[in-house]
Amino acid sequence: MLQMHGKGLRNALLHISRPMTKQMRCCVTVAYCYAAPSGDRIPLPMSLSSRIAQLLKEQPLGRTVTIQGWIRTRRDSKGFSFLEVNDGSCVANLQVIAEESLPRYQEEILRLTTGCSVRISGRLAASPAKGQAVELQAAEVEVYGWADPETYPLQKKRHSFEFLREIAHLRPRTNSLGAVARVRSALSFAVHRFFQEQGFQYIHTPIITTSDCEGAGEMFTVTTLDLSNVPRKDGRPDFSEDFFGRQANLTVSGQLEAEIYCLALGNVYTFGPTFRAENSNTSRHLAEFWMVEPEMAFCDLAQDMQVAEAFIKYLVRYVQEHCPEEIELFSNFVDKRLKGRLAAVLEHDFARITYTEAIEQLKGCGKTFNFPVAWGTDLQSEHERYLCEEVFKRPLIVTDYPKSIKPFYMRVNDDNATVAAMDILVPGLGEIIGGSQREERYDKLLGRLEEMGLNPEDYNWYLDLRRYGTVPHAGFGLGFERLIQFVSGMANIREVIPFPRTPGSAAL
RNA sequence: UCCUGGGUAGCUCAGUCGGUAGAGCAGGUGACUGUUAAUCACCCUGUCGGGGGUUCGAAUCCCUCCCCGGGAGCCA
């Protein structure tokens, strides 16, 4: 299951184009090599052993294979032991039968515990017992590393996610966090595949930036100034002495920079980390998170919404097709209603409602909310949940918000009161996508900057895009971790990113 | 940051009216067994989040700080 592209593929090709060493030939012939029938996969030197995912899928009975991985559990029987090995390639373990006649059975195999790393060779056979179709009859067991059961934190029982969070360096060895990692990887690839199939260009927008995507929250400053002796001017830090000669920050969004390339290449997208220094302590906020931001030229809000809906459906379908075991695991242990919810996303069109209609509906529904409902104020979480989960019961797109509560770059509608904005809400999570048609009219944009008290000088380059060859364009931002939460059912966003960064917490 | 609920064995938790701490799992030993969250018996395990206070006596009551969950705000 080696799907390679980009740099990895290039390296592999470099490898192969050189004369094969004796060792490499040995690897390729010794290993049970699942060479792709399609011929587009290249055997790599490290395919010395089989991946368990592939063995369970192809079940090459009678063949001698080698696996490498970590012991999940050992059960002893009369004259032999059952070892369950997981190598991270899939949810399932491979059951190994280790007879007592094996060398070092007493001294080593009977000492194997959860977490030990091993290399095992043997013959793959049909399993006589229930619970698994195939098993490995070990001929050779080599222990790479022990895991003292007195101190190894992971046990062969379920742990709380809160506990696992404290051992970020070990938690990917669990079923659920390993599954999340594979789903995250699959979805990352699917994001690129969706856009590449549609002819979008992938743009690397800067992580260190000097522009502020207004309205996207507090920023982290990037500095090499001596913090114990900050140079000051008029009482404030003098960033002219800093590394970049001016204040620089970690990006909160790649959108503004993406617009530059959108207005040159047509359809583009960014996919990278973003940083927000907000003191947000919730199950769906991170200080460092990944965002997907397509930006499309010659595109209005209606088309923007069509792309966003197609995108979400594509990703849901992709994960259903490519990670069925992971989805099964999440359905059984994380969220019982997950599979039904994902199926429902594909079955129905997303619901659509304008902000003004939403306000009317909320006012007339007879329900009392903690926060008052009034045109001109932002929809509160409870309002969004009510509309999405109780009224429509499916993903909901809310459009045309009052311009007073939205950033300067959103296109003002003809009513001069609302902007061409849209938020996509999903049940259980809330906002997963926020997007808009951008203001492409120079005068209107300038007016909006001034109206909001921003200095047009700071946005000169952004205004240039409207001065010269402006075109209607639109885009949106998708919170990648929220997407993973949505397709996995994981309740807390800290579980869907390998190393979560939140206020007061940045382990590793 | 605000509201709210928590912090007790390696993990998940119970702990009555304030009287000096317990269960399941994990771990150890043994038995049994094509087992699969194996089973059975026995054994081991504690700074009761930190600090301070009230009291003859505090896991328990009070103050304070730290950390975690849920909800809210901000947003993706």
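Residues numbered from 1 in each chain as written. Chains lettered and ligands numbered in written order. Predicted model: local features only at pLDDT ≥ 70, side-chain atom pairs only at ≥ 80, totals over all residues. Heavy atoms only, no water.

Novice: Describe in detail helix 6 (residues 255-265), supporting the description with residues and values.
Specialist: Residues Q255, L256, E257, A258, E259 and C262 constitute the buried set of helix 6. Against strand 7 (208-209), strand 12 (267-275), strand 13 (288-297), helix 13 (460-467) and strand 18 (473-479) lie the buried residues of helix 6. In the segment just after helix 6, G266 is the residue with positive phi, at about 100°. (Buried < 20%, exposed > 50% of the residue type's maximum accessible area, 1.4 Å probe, protein only. Helix = DSSP H or I, 4+ residues; strand = E, 2+ residues; numbered from the N terminus. Contact = heavy atoms within 4.5 Å.)

Novice: So what's going on with the sheet that holds strand 11 (residues 248-250)? Residues and values would help.
Specialist: A sheet is described by the order of its strands in space; here three strands give the open sequence 7-11-8, paired in antiparallel fashion. The open sheet has two edge strands with one neighbour each: strand 7 and strand 8 (221-222). Direction of pairing for strand 7 relative to strand 11: antiparallel, over a ladder of two bridges. Counted as the bridge partner of T209 is N249 from strand 11. (Pairing = 2+ DSSP bridges.)

Novice: Outline the environment of R466, supporting the account with residue identities and numerical values.
Specialist: Inspection of the secondary structure puts R466 in helix 13. When the C-alpha positions of R466 and F161 are compared, they lie 49 Å apart, and in sequence the two are 305 residues distant. Not counting the four nearest positions on each side in its chain, R466 is found in contact with E259, R438, E439, E440, R441, Y442, L445 and H473.

Novice: Break down the packing of helix 12 (residues 442-451) against helix 13 for me, citing the residues and quoting the values.
Specialist: At a closest axis distance of 9 Å, the pairing of helix 12 and helix 13 adopts a crossing angle of 155°. Between helix 12 and helix 13, the crossing angle belongs to the class labelled roughly antiparallel. Contacts from Y442, L445, L446 and L449 of helix 12 reach helix 13 at Y462, L463, R466 and R467. Considering only residue class, the contact of helix 12 with helix 13 consists of six nonpolar, no polar and two charged. (Axes fitted to C-alpha atoms, helices over the stretch in contact; angles between N-to-C directions. Parallel < 35°, antiparallel > 145°, perpendicular 65-115°, else oblique. Nonpolar A, V, L, I, M, F, W, Y, C, P; charged D, E, K, R; others polar.)

Novice: Tell me about the packing of helix 9 (residues 338-347) against helix 14 (residues 480-488), and please be specific about residues and values.
Specialist: Two numbers describe how helix 9 lies on helix 14: the axes approach to 8 Å, and their chain directions differ by 115°. Judged by the inter-axis angle, helix 9 sits roughly perpendicular to helix 14. Here L338, R341, L342 and V345 of helix 9 come into contact with helix 14, specifically with F486, V487 and S488. Grouping the amino acids of the contact of helix 9 with helix 14 by side-chain chemistry returns five nonpolar, one polar and one charged.

Novice: Outline the pattern of salt bridges, supporting the account with residue identities and numerical values.
Specialist: For the structure shown, the criterion picks out 25 salt bridges. As a salt-bridge pair, D76 and R74 come within 2.8 Å of each other at their nearest N and O atoms. Judged by relative accessible area, which is 43%, D76 ranks as partly exposed. R74 gets classed as partly exposed once you look at its relative accessible area, which sits at 22%. E142 is the salt-bridge partner of R119, the closest N and O atoms lying 2.8 Å from each other. Residue R119 is found in strand 4 (residues 117-126), and its partner E142 is found in strand 5 (residues 134-145); the two are separated by 23 residues along the sequence. For E142, a relative accessible area of 30% corresponds to the partly exposed category. Residues joined by salt bridges that share partners form a network here, namely E309, K313, D349 and R352. (Salt bridge = Lys/Arg side-chain N within 4 Å of Asp/Glu carboxyl O.)

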